[in-house]
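An overview of the molecular structure
Chain residues, written in single-letter form:
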Amino acid sequence: MKKLAVKKGSQCMACLECVRACSNAYYKEFDPGKSCIQVVERKGVVKPMACPQCGKCAEACEAGAITQNAKGVYMVNKKLCTGCGKCVEACPFGLMVKAEEKENASKCIACGLCAKACPMDVLEIVEK
C-alpha cells in the first residue's frame, strides 16, 4: 500500500509549505481549507496529518466514485462524483476536501508534492 507518512522523529515547524503545495496543485491557490494535508497541534506537538487511506470515504460514497487503486490509494473518479459531500462528512480525519466552487471532492492521492515542498523533510511516500 502506498501512502503519505510523517517520518518518525521528524519535527514540523508549521511553515505550511506542504499545505501550500497541495492546495496549489488542486485549486491553483494557497488556501489551507482546500488542502488534503493539514498541519495540526496536539499536546504541544505540531505535525502534518495525512490521509491514512482508511477507505471511510469510499464506504460513504453512494455514487461509487471513490475506489482503491492497485497501490492501495483511494481515488476520486471525477466523472462519477456527484459532489454530495458525504465523503467529507465520513472522513474521521477531516482530510477530504469539497470546495464550493468545485463539482467534485478531492483527497490525498499520495502524489508526494507536499513531501517535496517540505523544507524539514518531514513527509515521505511509503509502500507498506
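Report on the accompanying structure. As the structure is a prediction and not an experimental result, all values here were calculated from the model.

What follows covers empty space enclosed by the protein. Applying the stated criterion to the full structure yields three cavities of 30 Å³ or more. Around the largest cavity, the lining comprises 15 residues; the ones closest to its centre are Cys 51, Cys 54, Cys 57, Cys 91 and Lys 107. Per-class residue counts for the lining of the largest cavity are eleven nonpolar, two polar and two charged. Taken as a whole, the second largest cavity spans an internal volume of roughly 80 Å³. The wall of the second largest cavity is formed by 13 residues, among which Cys 61, Cys 81, Gly 83, Cys 84 and Cys 87 lie closest to the centre.

Next up on the list: the layout of surface pockets. Rolled over the atoms, a probe with the dimensions of a water molecule shows which regions are left empty. The computed volume of the largest pocket comes to approximately 460 Å³. Contributing to the lining of the largest pocket are 24 residues, with Ala 5, Val 6, Lys 7, Lys 47 and Pro 48 lying nearest its centre. Of all the secondary-structure elements, those providing two or more residues to the lining of the largest pocket are β1 (2-6), β3 (45-49) and β6 (123-127). Per-element accounting of the lining of the largest pocket gives the leading share, five residues, to β3. Class assignment of the residues belonging to the lining of the largest pocket gives a composition of 14 nonpolar, three polar and seven charged.

For the coordinates displayed, the defined rule picks out one aromatic pair. Between Tyr 26 and Tyr 27 the ring centres are 6.3 Å apart and the planes differ by 45°, which places this aromatic pair in the tilted class. For Tyr 27, a relative accessible area of 9% translates into the label buried. Against the face of Phe 30 rests Arg 20, its NZ or CZ located 4.0 Å from the ring centre.

A few words on the nonpolar core. In this structure, Leu 4, Ile 37, Ile 66, Met 96 and Leu 123 are the most contacted members of the largest nonpolar core, which totals 29 residues. Of all the secondary-structure elements, those providing two or more residues to this core are α1 (17-27), α2 (56-60), β5 (74-76) and α4 (113-117). When residues no more than four places from it in sequence are discounted, the contact partners of Ile 66 are Cys 57, Ala 58, Cys 61, Tyr 74, Met 75, Val 76, Cys 87 and Met 96.

Next up on the list: the pairing of β3. Pairing geometry for strand β2 (residues 38-42) and β3, over five bridges, is antiparallel. Bridge pairing in β3 links Val 39 to Pro 48. Count of turn residues in the β2/β3 antiparallel hairpin: two residues, of which Lys 43 carries a positive phi of about 55°.

Buried residues of α1: Cys 18, Val 19, Ala 21, Cys 22, Ser 23 and Tyr 27, and no others. The inward-facing, buried residues of α1 contact β2, α4 and β6. Remark: Lys 28 follows α1 within two positions and exhibits a positive phi of approximately 60°.

Tracing the sequence through the fold places Lys 3 in strand β1. Within the buried set, Lys 3 has no salt-bridge partner at all; the shortest N-O distance to an opposite charge, 10 Å, is to Glu 124.

Procedures and definitions
Residues numbered from 1 in each chain as written. Predicted model: local features only at pLDDT ≥ 70, side-chain atom pairs only at ≥ 80, totals over all residues. Heavy atoms only, no water. 1 Å grid on protein atoms, 1.4 Å probe; cavity = no way out; pocket = protein on both sides within 12 Å on 5 of 7 lines; lining within 4 Å. Points joined across faces, edges and corners; volume = space filled by probe spheres on them. Nonpolar A, V, L, I, M, F, W, Y, C, P; charged D, E, K, R; others polar. Helix = DSSP H or I, 4+ residues; strand = E, 2+ residues; numbered from the N terminus. Phe/Tyr/Trp six-rings, centres within 6.5 Å; stacked < 30°, edge-to-face > 60°. Buried < 20%, exposed > 50% of the residue type's maximum accessible area, 1.4 Å probe, protein only. Lys NZ or Arg CZ within 6 Å of the ring centre and 35° of its normal. Core = buried A, V, L, I, M, F, W, Y, C linked by side-chain atoms within 4.5 Å. Contact = heavy atoms within 4.5 Å. Pairing = 2+ DSSP bridges. Lys, Arg positive; Asp, Glu negative; His and termini not counted. Salt bridge = Lys/Arg side-chain N within 4 Å of Asp/Glu carboxyl O.

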